[in-house]
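Coordinate analysis (summary)
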Amino acid sequence: MPKNNKTNNKSKLLIPIAVIALLFLGIGIGMGYFKKNLYTVMKVPDFELTNQNNKKITNKDMLGKVYLVEFFFSKCPTICPVMNTNMKAILSQVNDPGFGIISISIDPDNDTPEALKEHAKRIGASSPNWHFLMGDRGYIGKLADQFNIYVGDKEDESESLNHSGMIALVDQEGNIRCRYNKDNMPVLYYSGLNYDDPEGKTPKLNGKYHPDREILIEDIKKLLK
């Protein structure tokens, strides 16, 4: 009888130890999942706009490619040159024909296809997969709302050319995707800005840090695999 009691006690001890081990294993697997997998935010909104070569580009034309979407305008003196520079660096480092960029102008009165073609030439955006798009301003405002990326109200003179520095990442099936942050929450969108600190807390036009540029490159490559 004493032997049986000892055996039973050992068995009772082993059960909680096994449960704790499985719990930690599950946490480890979960953490690995969040690090390796990308969250699906939503389906990319339908769009049809005209690029710098006067060609209609739609979301259906982009199926099969991983691509980024930004809102900008060519005469922007502040964040747009920074965003375009970061986009160019991403395009260069990814260097894959399956990757593209959509840059949508919020100033179609000035950003005609000809002006956008000149802008692309000026910044050295020579890739056929980088589309600078223009269209009706009301349509673009609604499109930005559908993307959940801020663009100022076209009827408000002081706000009409204001816009967010956020970028959407779209996969080959036309889904907006993103990574999880350190708290395992989806980031939704990525920043196209530069920062004064490596953590990306203080935006600065001439900042030497661009943390989201690096993580975007990682996530684009995940989707291209």
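Residues numbered from 1 in each chain as written. Predicted model: local features only at pLDDT ≥ 70, side-chain atom pairs only at ≥ 80, totals over all residues. Heavy atoms only, no water.

Looking at an unreviewed UniProt entry, the protein chain carries the name SCO family protein, with the source organism given as Chryseobacterium gallinarum. Entered under Sequence similarities (unreviewed entry) in the UniProt record, the comment concerning the protein chain runs "Belongs to the SCO1/2 family." (UniProt positions renumbered as here; feature names shortened; annotations may be inferred.)

**Some remarks on the environment of Met185**
Residue position: Met185 is located in the loop between β8 (175-178) and β9 (190-191). As for Met185 and Tyr39, which are separated by 146 residues in sequence, their C-alpha atoms are 9.1 Å apart. Apart from the residues within four sequence positions on either side, Met185 is in contact with Arg179 and Tyr180. (Helix = DSSP H or I, 4+ residues; strand = E, 2+ residues; numbered from the N terminus. Contact = heavy atoms within 4.5 Å.)

**A few points about the nonpolar core**
Ranked by internal contacts, the top residues of the largest apolar core, which has 53 residues, are Leu68, Val69, Phe71, Phe99, Ile104 and Phe147. Considering each element in turn, this core owes the most residues, 7 residues, to helix α2 (residues 79-94). Ignoring anything within four residues of it in the chain, the contact list for Ile104 reads Leu49, Val69, Glu70, Phe71, Phe72, Leu133, Ile140 and Leu143. (Core = buried A, V, L, I, M, F, W, Y, C linked by side-chain atoms within 4.5 Å. Buried < 20%, exposed > 50% of the residue type's maximum accessible area, 1.4 Å probe, protein only.)

**A closer look at the confidence of the model for the protein chain**
Looking at the protein chain, pLDDT values average 87 and 81% of them are 70 or higher. Throughout residues 18-35 the model reports pLDDT below 50, and contacts reaching past four residues in sequence, or to other chains, amount to 5 contacts. (pLDDT = per-residue confidence, 0-100.)

**Description of the packing of aromatic side chains**
This model, assessed by the stated rule, comprises 4 aromatic pairs. Judged by centre distance (6.1 Å) and plane angle (70°), the rings of Tyr39 and Tyr180 are edge-to-face. In this pair, Tyr39 is assigned in strand β1 (residues 39-43) and Tyr180 in the loop between β8 and β9, connecting sequence segments 141 residues apart. Among the residues examined, Tyr180 registers a relative accessible area of 15% and is labelled buried. Among the aromatic residues, those joined into a ring-pair cluster are Phe72, Trp130 and Phe132. (Phe/Tyr/Trp six-rings, centres within 6.5 Å; stacked < 30°, edge-to-face > 60°.)

**A word on helix α5 (residues 211-224)**
In an α-helix, one full turn covers 3.6 residues, which means residues spaced three or four apart are oriented alike. A rise of 1.5 Å per residue sets the reference length of α5, with its 14 residues, at 20 Å; its end C-alpha atoms lie 20 Å apart and thus fit the reference within 8%. When we look at burial in α5, the residues that qualify are Asp212, Arg213, Leu216, Ile217, Asp219, Ile220 and Leu223. Packed against the buried residues of α5 are β4 (66-72), α2, β5 (99-105), β7 (166-170), β8 and β9. (Expected span 1.5 Å × (residues − 1).)

**Remarks on the environment of Phe73**
With respect to the helices, strands and loops of the structure, Phe73 is situated in the loop between β4 and α2. Along the sequence, Phe73 and Asp111 sit 38 residues apart, while their C-alpha atoms lie 7.1 Å from each other. Ignoring any residue separated from it by four or fewer positions in sequence, one finds Phe73 in contact with Cys80, Ser105, Ile106, Asp107, Asp111, Leu161 and His163.

**Topic: the packing of α2 against α5**
Where α2 meets α5, the closest approach of the two axes is 10 Å, and the angle between their N-to-C directions is 40°. As summarised for this structure, α2 and α5 are arranged oblique, according to the angle between their axes. Relative to α5, α2 is oriented so that their crossing is right-handed. Contacts from Asn86, Ala89, Ile90, Gln93 and Val94 of α2 reach α5 at Arg213, Leu216, Ile217, Ile220, Lys221 and Leu224. Looking at the contact of α2 with α5, its residues break down into 7 nonpolar, 2 polar and 2 charged. (Axes fitted to C-alpha atoms, helices over the stretch in contact; angles between N-to-C directions. Parallel < 35°, antiparallel > 145°, perpendicular 65-115°, else oblique. Left-handed = near helix turned anticlockwise from the far one by under 90°. Nonpolar A, V, L, I, M, F, W, Y, C, P; charged D, E, K, R; others polar.)

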